Amino acid sequence: MIFVTTIQLNDRVIPVTSYKEETKNDRLHVSVTFNVTSEEYHELAVLLYEQTFDVTVPHNGRQFTGTIVHYVTDTTNLYEPNQVANYAVTFAQVKEW
């Protein structure tokens, strides 16, 4: 089991509550969960809309270009103050041609 506490999407460091990596169809897949507060919701939503990122895992030095292949949250209304949502996101390595 890999103990990872943060990942980096482009220039944004995100603390994670769980981390899993596996290889599917010769591509790395990294699945993470993390908490998003009402206060940071807008900034993170704008970031995630980009879909494809430079993904860095500081713990093991892994770096790759990844795109979102799975995304789910347990809360859809973070516009109200003092809310916290749990996000689950999987990034798949983009094959470089």
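It should be emphasised that the depicted structure is a prediction, and the values quoted were computed from it without experimental measurement. (Residues numbered from 1 in each chain as written. Predicted model: local features only at pLDDT ≥ 70, side-chain atom pairs only at ≥ 80, totals over all residues. Heavy atoms only, no water.)

Our focus in this paragraph is the sheet that holds strand β7 (residues 84-93). Pairing is antiparallel in the open sheet, where seven strands are placed in the order β2-β1-β5-β6-β7-β4-β3. The strands lining the two open edges of the sheet, one partner per strand, are β2 (12-15) and β3 (18-24). The mean inter-strand angle of the sheet, taken between neighbouring strand axes irrespective of direction, is 35°. Note: β3 against strand β4 (residues 27-37), seven bridges, orientation antiparallel. Its bridge partner being in β4, serine 18 is matched across the sheet by threonine 33. Running over the sheet, helix α1 (residues 38-48) touches β1 (6-9), β2, β4, β5 (52-57), β6 (62-73) and β7 and is turned about 155° from β4. (Pairing = 2+ DSSP bridges. Helix = DSSP H or I, 4+ residues; strand = E, 2+ residues; numbered from the N terminus. Axes fitted to C-alpha atoms, helices over the stretch in contact; angles between N-to-C directions. Contact = heavy atoms within 4.5 Å.)

Inspection of every chain in the model, using the stated rule, returns four aromatic pairs. Taking the centre distance of 5.3 Å and the plane angle of 85° together, the rings of tyrosine 41 and tyrosine 79 count as edge-to-face. Taken together, the residues span a long stretch of sequence, with tyrosine 41 in helix α1 and tyrosine 79 in the loop between β6 and β7 at a distance of 38 residues. For tyrosine 41, a relative accessible area of 15% puts it in the buried group. According to the relative accessible area criterion, tyrosine 79 is exposed, its value standing at 66%. An aromatic cluster is built from Phe34, Tyr71 and Tyr87, whose rings are joined through pairwise contacts. (Phe/Tyr/Trp six-rings, centres within 6.5 Å; stacked < 30°, edge-to-face > 60°. Buried < 20%, exposed > 50% of the residue type's maximum accessible area, 1.4 Å probe, protein only.)

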